[in-house]
Amino acid sequence: MDTHVRTRVSAYAVAVDDGRLLLARLSDASPVFAPGLWHLPGGGIDPGEQPTEALARELLEETGLELAAADLLDARTYAVRRDGIDWSLTALFYAVELKAGALAVTEVEGSTDAVAWIPLADLSESMLSPAACDALKYV
């Protein structure tokens, strides 16, 4: 068993349109949060990559949409245990504007298996990752 805590810094999009939140469903390849939960589009920042560059890359991979603008809202930390690994995740939340386009998961075998605009009224904490739950206070 690995007792080392792995750290991850991620950038996430909080995108709202017409009372709907853009969410990505986590696949079995999700490293931190449980598969099947709806999560904010975004992900890990690669070494040397700027947070908004990572956000733009991850948005394109997970949603097929291009980033037009991003404003930092907040940062939060999470301690998560998944598959025997302890994670310390720092999440950067960005209010985003997106270019028009069709939704599509473009990353093959990535951490996302679906993407959707989900009405805020239809969301419950049981279907959301902890980060997505926290993001609801920004919408």
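Heads up: these notes are all about the structure in this document. Position labels on residues start from 1 in each chain and follow its written sequence. Side-chain atom pairs in this predicted model are given and counted only at pLDDT of 80 or more, local residue features only at pLDDT of at least 70, and totals for whole chains, interfaces and linings cover all residues. Side-chain descriptors were evaluated using all non-hydrogen atoms of the structure, hydrogens and water having been removed beforehand.

**Here's the deal with the pairing of strand β7 (residues 85-98)**
For clarity, the cut-off: Any two strands are treated as partners once DSSP identifies two or more bridges connecting them. Runs of H or I in DSSP of at least four residues are treated as helices and runs of E of at least two as strands, each being numbered from the N terminus.
As paired strands, strand β1 (residues 5-14) and β7 are joined by ten bridges and run parallel to one another. Paired with V9 across the bridge in β7 is T90. Sheet topology note: the strand β6 (residues 67-82)/β7 ladder contains 14 bridges and is antiparallel. Paired with R81 across the two strands is D86, which belongs to β7. From the end of β6 to the start of β7, which pair antiparallel, there are two residues, and D83 there has a positive phi angle of about 55°.

**So, the nonpolar core**
So the rule is basically this: Buried Ala, Val, Leu, Ile, Met, Phe, Trp, Tyr and Cys residues that are joined via side-chain atoms within 4.5 Å together make up what is termed a nonpolar core. Exposure is judged per residue with a 1.4 Å probe applied to protein chains only, and the accessible area is read against the type maximum: over 50% gives exposed, under 20% gives buried, and values in between give partly exposed. Working rule for contacts: check all heavy atoms of both residues, and any pair within 4.5 Å makes them a contact.
Core analysis: the largest hydrophobic core is formed by 25 residues, its most contacted members being L23, F33, L40, Y78, F93 and L128. Counting residues per element, the ones that place at least two in this core are β1, β3 (20-26), β6, β7, β8 (112-119) and α2 (130-135). Per element, the largest residue contribution to this core is five residues, and it comes from β7. Filtering out sequence-adjacent residues up to four positions away, L128 remains in contact with L23, L37, W38, L123, C133 and L136. The next biggest cluster of nonpolar side chains, apart from the first, holds twelve residues, and it includes A11, A15, L22 and L59.

**Comments concerning the packing of aromatic side chains**
The line we're drawing: Two aromatic rings from Phe, Tyr or Trp, using only the six-membered ring of Trp, form a pair when their centres are within 6.5 Å; if the ring planes differ by under 30 degrees the pair is stacked, by over 60 it is edge-to-face, and anything between is tilted.
In total, this model carries three aromatic pairs according to the counting rule given. Ring centres 6.5 Å apart and planes at 45° place the aromatic pair Y12 and F93 in the tilted group. With Y12 in strand β1 and F93 in strand β7, this pair connects stretches of sequence that are 81 residues apart. A centroid spacing of 5.9 Å and a plane angle of 85° characterise the contact between F33 and Y78, whose relative ring orientation is edge-to-face. One end of the pair, F33, is in the loop between β3 and β4 (38-39); the other, Y78, is in strand β6, with 45 residues separating them in the sequence.

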